[in-house]
Amino acid sequence: MTKWNSLSASLMKRLKLHYQMINSIPALAQARSFTTSEGHRPTIVHKRSLDILHDPWFNKGTAFTITERDRLDLRGLLPPNVMSSEQQIERFMVDLKRLEVQARDGPSDPNALAKWRILNRLHDRNETMYYKVLIAHIEEYAPIVYTPTVGLVCQNYSGLFRRPRGMYFSAQDRGEMMSMVYNWPADQVDMIVVTDGSRILGLGDLGVHGIGIAIGKLDLYVAAAGINPQRVLPVMIDVGTNNEKLLKDPLYLGLQQHRLDGDEYLAIIDEFMEAVFTRWPHVIVQFEDFQSKWAFKLLQRYRNTYRMFNDDVQGTAGVAIAGLLGAVRAQGRPMIDFPKQKIVVAGAGSAGIGVLNAARKTMARMLGNNEAAFEAARSQFWVVDAQGLITEERKNIDQDASPFARKVKEINRQGLREGASLVEVVQQVKPDVLLGLSAVGGLFTKEVLEALKGSTATRPAIFAMSNPTTNAECTPEEAFSILGENVIFASGSPFKDVDFGNGHIGHCNQGNNMYLFPGIGLGTLLSGSPIVSDGMLQAAAECLAAYMTEDEVHEGIIYPSISSIRDITKEIAAAVIMEAIEEDLVEGYRGVDARELRKFSKEEILEFVKNNMWSPEYPTLVYNQD
């Protein structure tokens, strides 16, 4: 259960009003029971025999019962021993451990990629079992189906491609997308993750290979949020690539032309959005790994008319905010002290600017949410990009970064200048937090970390958030060895904790977006909200920040264990729904209309969320010739 006692004052006020509403609800309403929408009702299928065995959505393998084998013409097509799903998983895990080495394509093929190959084969033949394995071993396999291994998968996707998964819309499909969406077999799609492959993690332009990111994200939507896997859709929008290696590669699967830009590019994205929302009006579209020049423009273009959000801009920001609030708690201070934090940010791309905007809004809310509060919040950030410290003297300053450019008078007082190096900025500012969103591996050098020793914080925090692992600004070993045990460390990709050898552990917190985006998507879906508002995103971040106990944050643990991801997602989805109610955005979901949803207590909302989370259980299959 979420720990609500450490929330910001602003959120406490909102919750107080909500609980006053709860106390006025009749006891009968509070005792309401729910029938799950994602329960174990029989599934009608229109195929039999080998067609069923070759369909991963319905295939159960050796788990088909004798009566189902008779009903579906499977008798004789399977070994006679009927196995439980637990026995199937046990057999698969034994094979997985045995095959990991054998599945490698030579010594250059990492063990993680071998695991991905084996899991992908299971996904191709039996979706239910695949998700059962993924959920049961989420800590081990989340880094395989998503970061960091998914980066390696995307880099090698042409060679790994075996079975089509998802949809591809290309520049060649202009004028045809409205009809193309009906080629997808599902009449209902709840969640789409779309990319144009232009900025995959920190790896750059990978073109059509980037669909691996969309597939990996949706695997986590299913595992963490219980989105029905038959109602998710990974999408690649192929507008070309500027990756010269791919343009010359005869085996590349995408369009071998340079990327479209300007109005031509926008016209394709516009056509795609109109097409998917025409067929599936209630779908949620998550934009993923679009280059910075388009990430913000597309977010602003669509966010007030479609149910969409950008995970790099908004999801990364939310996870970072939760971690930053956790760092304040770990320093022994209340979260309301967040506006006093001095934060040096390395990186001014879409993720960096997204975090800056969200952090500034959070600080401003705590300071009164007026113009003076926003100005005061701005002064807590020092942003360093590839050209150094960003100030008002910067020529051709990026429009999105300009609000955070330091004023000349300010930097003169601090002994800094336009373009000052990261080491110089850290030395002079003595920040409470060093936040890396640069996609430059090793950027936090020994000199930078040594400079952080001058921090005025009791426990300085280092956030090396760039993915994949090779792009992390520093490793936990580097941070703890230079700054000692008292530092708070977080990264975007998983690292092992550091054992100091004296009975103490240096905790490596993974600030993974999977803590937030599944709950944001699920909460938006179940609320029926027509948009994903800033308030809903803020509620998700604050819920995550408050999830940890005081004892945990004092030990330097600011993010929860991935093993509890479904419970975390349930809590965050409930917080998103409550905020949607507060903002009068709810429109209801399936059999629960908006009026009824507004009457729910927090406990009922949690139950409502839980009962609408799909679980990987084999349904009873009933054949219907029609």
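Residues numbered from 1 in each chain as written. Predicted model: local features only at pLDDT ≥ 70, side-chain atom pairs only at ≥ 80, totals over all residues. Heavy atoms only, no water.

## Considering the overall build of the protein
- Looking only at helices and strands, the protein has 28 helices and 18 strands in total.
- Taking 2.2 N^0.38 as the reference for a compact globule, 626 residues should give roughly 25 Å; the C-alpha atoms of the protein span a radius of gyration of 25 Å, in line with that estimate.
- Judged by the C-alpha coordinates and their principal axes, the protein covers about 80 × 70 × 60 Å.
- Split into buried and exposed, the 626 residues of the protein put 59% on the buried side.
- In the protein, of all internal contacts separated by at least 6 residues, the share reaching a separation of at least 24 is 72%. (Helix = DSSP H or I, 4+ residues; strand = E, 2+ residues; numbered from the N terminus. Rg over C-alpha atoms; globule rule 2.2 N^0.38 Å. Buried < 20%, exposed > 50% of the residue type's maximum accessible area, 1.4 Å probe, protein only. Contact = heavy atoms within 4.5 Å.)

## A word on the UniProt feature "binding site: (S)-malate" (unreviewed entry) in the protein
- Here, UniProt's "binding site: (S)-malate" (unreviewed entry) annotation points to Arg199, Asn467 and Asn512.
- With respect to the element layout, arginine 199 can be found in the loop between β3 (191–195) and α12 (211–225).
- With near-sequence residues (within four places) excluded, arginine 199 lies in contact with Gly204, Asp289, Phe290, Gln291, Asp312 and Ser350.
- A distance of 2.6 Å separates a polar side-chain atom of arginine 199 from the backbone oxygen of leucine 201.
- Looking at the element boundaries, asparagine 512 is found in the loop between β15 (508–510) and α23 (517–527).
- Taking relative accessible area as the criterion, asparagine 512 reaches 5% and is therefore assigned buried.
- Among residues more than four places away in sequence, those in contact with asparagine 512 are Tyr146, Thr147, Val319 and Gly492. (UniProt positions renumbered as here; feature names shortened; annotations may be inferred. Polar contact = N/O pair within 3.5 Å; in protein donor to acceptor, adjacent residues only side chain to side chain.)

## Observations concerning the packing of aromatic side chains
- What the rule picks out here adds up to 14 aromatic pairs.
- Ring centres of tyrosine 265 and tryptophan 294 lie 4.4 Å apart, and the angle between their planes is 25°; on these two criteria the pair is classed as stacked. With tyrosine 265 in helix α14 (residues 262–279) and tryptophan 294 in helix α15 (residues 292–302), this pair connects stretches of sequence that are 29 residues apart.
- Owing to a relative accessible area of 5%, tryptophan 294 belongs among the buried residues under this scheme.
- With a centroid separation of 6.0 Å and an interplanar angle of 65°, the aromatic rings of phenylalanine 600 and phenylalanine 608 are classed as edge-to-face.
- Every member of this aromatic cluster is reached through a ring pair, and the members are Phe277, Phe287, Phe290, Tyr302 and Tyr306.
- Taking the ring centre of tryptophan 294 as reference, the NZ or CZ of lysine 297 above it sits at 5.3 Å. (Phe/Tyr/Trp six-rings, centres within 6.5 Å; stacked < 30°, edge-to-face > 60°. Lys NZ or Arg CZ within 6 Å of the ring centre and 35° of its normal.)

## Let's talk about the nonpolar core
- One finds Ile192, Phe272, Met273, Val285, Phe287, Phe463 and Tyr559 to be the most contacted residues of the largest nonpolar core, which totals 174 residues.
- Apart from the residues within four sequence positions on either side, phenylalanine 272 is in contact with Phe169, Met177, Ile192, Val194, Val235 and Ile237.
- Within the second largest apolar cluster, 29 residues are counted, among which are Val425, Leu452, Leu483 and Val487. (Core = buried A, V, L, I, M, F, W, Y, C linked by side-chain atoms within 4.5 Å.)

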